[in-house]
Amino acid sequence: MPETVLVTGGAGFIGSHSCVELLDHGYEVVVVDNHVNSSPEALVRVAKIAGRPLIAAYAIDVRDRAALSEVFARHPVDAVIHFAAHKAVGESVSLPIEYYDTNVGGTCALLSVMHEHEVHRLVFSSSCSVYGDARTVPLSEDSPVAPTNPYARTKLMCERILEDVCARLQDLKVLALRYFNPVGAHPSGLLGEDPHGIPGNLMPYIAQVAVGRREELSVFGDDYPTPDGTGVRDYIHVMDVAEGHRVALEHLDDRAGMRVFNLGTGTGTSVLQLVDAFAAVSGRSVPCRTVGRRAGDVAALVADASAVAAAWGWTTTRDLTTMCRDAWRFQELNPDGYARPSARAGGPTPGESPDG
Ligand code: UFG
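Structural notes, computed from the coordinates. (Residues numbered from 1 in each chain as written. Predicted model: local features only at pLDDT ≥ 70, side-chain atom pairs only at ≥ 80, totals over all residues. Heavy atoms only, no water.)

1. Overview of helix α9 (residues 271–282)
So, step 1. Taking 1.5 Å per residue as the helical rise, α9 with its twelve residues ought to reach 16 Å, and the 16 Å between its terminal C-alpha atoms agrees with that figure.
So, step 2. Every buried residue of α9 is accounted for by V271, L274, V275, A277, F278 and S282. In an axial view of α9, the angular spread of the buried residues amounts to 165°, which keeps them on one side of the axis. Set apart from the buried face of α9 by more than 90 degrees, the exposed residues are D276 and A280.
So, step 3. Lining the buried residues of α9 we find α7 (202–210), β8 (217–220), β10 (235–237), β12 (269–270), β13 (288–291) and α11 (320–333).
So, step 4. Where α9 ends, the next residue or the one after it, G283, has phi of about 70°, a positive value. (Helix = DSSP H or I, 4+ residues; strand = E, 2+ residues; numbered from the N terminus. Expected span 1.5 Å × (residues − 1). Buried < 20%, exposed > 50% of the residue type's maximum accessible area, 1.4 Å probe, protein only. Arc of directions from axis to C-beta. Contact = heavy atoms within 4.5 Å.)

In structure tokens:
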């Protein structure tokens, strides 16, 4: 019998790519997503790429325990991957209540419903931002945590909650994956990052400038203690992140309790280096203007990725050029995201109604 995996936030950026990876590897997939920052179209494309459908997709909020419980009652869920959360650092400073409510409240609701239905296996989306303003990089899982913004604090709180619940529920197996900065897109160009409104993250912003949707990139600070003064991050291809989740599922049963792993490449890239790499791959110019630092930002976050390699024998394989090339392919084929794909992406041409 194939395993059934419930993916919360499955229509989102990382969630949708992970659904493809799971379907490609024989898993049955059930998605719940309230589409607050995702499009149902992503799930149509997941099925198109994988060549087979999801078992079901529910437009519900993970905080809605009754609706979530109904999903567990309908499907024989073997494991859960919990992506559903808000994820923009800047936004979290202005909307802290929403961040705590969705990210922490959503995780608590999910845990109680999993417990009710005796589902004991969970892969949780954590974040490298829990490390905060790191004095030295690379960061191993044992590096001190000191989050600097509400988003990062929600992720650390969820990790603490999961530890406490694992201490109480002996059957529970949890892998929390601290992602560094997921970017890129599925190589088909059908699936990618399509944030609602103004992008809060760097790569989608660069892509929208390159395609002419936005005028210039604001570089948030050039006075950090980094080689060129701009923020350094460990960008990781979203297909590597997706693969990491599939491999994590295969290792959930290694032992009970809570374990934490970094998902990164170990390579740091500055804002200006990413802009240059993207411009080279796309052949487009990406005008930049330096502005002040963004609240809650830190100078450098780079992973020590050796723990996952040692535990699972798995490492990332896709480099920065591949990340930029795949992000650009998605942007070119879908200049307005999922809302109005170009004819080359298999969607309606401008002026044509969606149903033909
Ligand atoms: N940046 C800019 N201009 C922008 C956006 C970002 O200069 O318009 C800079 C930031 O200052 C930072 C770097 O680009 O130095 C990366 O910023 P992102 O917003 O893309 O990502 P963060 O490092 O802030 O990371 C956050 C979360 C991660 C998460 C990531 C992607 O902390 O957990 O977003 O969602 F993985």
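2. Considering the sheet that holds strand β14 (residues 300–301)
So, step 1. Strand order in the open sheet formed by three strands is β12-β9-β14, and the pairing between neighbours is mixed. Both outer strands of the open sheet, β12 and β14, are each paired with one neighbouring strand and no more.
So, step 2. Here strand β9 (residues 232–233) pairs with β14 via two bridges, running parallel. When the bridges of β14 are listed, R233 appears paired with L301. (Pairing = 2+ DSSP bridges.)

3. Digging into the pattern of salt bridges
So, step 1. In the structure shown here, the tally under the stated rule is 21 salt bridges.
So, step 2. Among the ionic pairs, D253 bridges to K173, the shortest N-O distance being 3.3 Å. On the criterion of sequence distance, the pair formed by D253 in the loop between α8 (238–251) and β11 (257–263) and K173 in strand β6 (residues 173–179) is long-range, its members being 80 residues apart.
So, step 3. For K173, a relative accessible area of 21% translates into the label partly exposed.
So, step 4. Residues participating in the shared-partner salt-bridge network are E3, R121, K173 and D253. (Salt bridge = Lys/Arg side-chain N within 4 Å of Asp/Glu carboxyl O.)

4. Here's the deal with the packing of helix α1 (residues 13–24) against helix α2 (residues 41–50)
So, step 1. Contact pair α1 / α2: the axes reach a minimum separation of 9 Å and the direction vectors enclose 30°. Viewed along their axes, α1 and α2 adopt a mutual orientation that is roughly parallel. Both α1 and α2 take part in a crossing whose hand is right-handed. Residues S16, C19, V20, L23 and D24 of α1 lie in contact with α2, whose contacting residues are A42, V46, I49 and A50.
So, step 2. Residues that form the contact of α1 with α2 fall into these classes: seven nonpolar, one polar and one charged. (Axes fitted to C-alpha atoms, helices over the stretch in contact; angles between N-to-C directions. Parallel < 35°, antiparallel > 145°, perpendicular 65-115°, else oblique. Left-handed = near helix turned anticlockwise from the far one by under 90°. Nonpolar A, V, L, I, M, F, W, Y, C, P; charged D, E, K, R; others polar.)

5. Some remarks on the packing of α9 against α11
So, step 1. Relative to each other, α9 and α11 sit at 60°, their axes nearing to 9 Å. In terms of axis orientation, α9 runs oblique to α11. Crossing geometry of α9 relative to α11 is assigned as right-handed. On α11, the residues that touch L274, A277, F278, V281 and S282 of α9 are L320, T321, C324, R325, A327 and W328.
So, step 2. Taken together, the residues of the contact of α9 with α11 break down into eight nonpolar, two polar and one charged.

6. Describing the side chain of R246
So, step 1. Position of R246 relative to the elements: it lies in helix α8.
So, step 2. Separated by 2.8 Å, the side chains of R246 and E21 make a polar contact.
So, step 3. In this structure the side chain of R246 is engaged in a polar contact, spanning 3.0 Å, whose partner is the side chain of E250.
So, step 4. In this structure, R246 is in contact with E21, L22, H25 and Y27, ignoring residues within four places of it in sequence. (Polar contact = N/O pair within 3.5 Å; in protein donor to acceptor, adjacent residues only side chain to side chain.)

7. Describing the site of the ligand
So, step 1. Close contacts around the ligand come from 21 residues, with S127, L202, S218, R233 and D297 the closest.
So, step 2. Between the ligand and L202, the relevant distance is 2.8 Å, taken from an oxygen atom to a main-chain nitrogen or oxygen of the residue.
So, step 3. Expressed as a share of its isolated accessible area of 680 Å², the protein-covered part of the ligand is 95%.
So, step 4. Top contributing element to the shell around the ligand by residue count: β8, with four residues. (Near = heavy atom within 4 Å. Areas by Shrake-Rupley, 256 points an atom, 1.4 Å probe, with all protein chains shown as cover.)

8. Brief notes about the packing of aromatic side chains
So, step 1. One pass over the full model with this rule turns up four aromatic pairs.
So, step 2. For the pair F330 and Y338, a centre-to-centre distance of 5.4 Å together with 65° between the ring planes defines the contact as edge-to-face. Taken individually, F330 and Y338 each receive the classification buried, so the pair is uniform in this respect.
So, step 3. The aromatic ring of Y224 is capped on one face by R293, whose charged end is 4.0 Å from the ring centroid. (Phe/Tyr/Trp six-rings, centres within 6.5 Å; stacked < 30°, edge-to-face > 60°. Lys NZ or Arg CZ within 6 Å of the ring centre and 35° of its normal.)

9. Regarding helix α6 (residues 150–168)
So, step 1. Spanning 19 residues, α6 covers 27 Å between terminal C-alpha atoms, matching the ideal 27 Å at 1.5 Å per step.
So, step 2. Within the span of α6, buried status applies to P150, Y151, A152, T154, K155, L156, C158, E159, L162 and C166.
So, step 3. On the buried face of α6, the contacting elements are α4 (89–94), α5 (96–116), β5 (121–127), β6 and β11.
So, step 4. The N-capping residue of α6, defined by a side-chain oxygen 3.2 Å from the backbone nitrogen of Y151, is N149.

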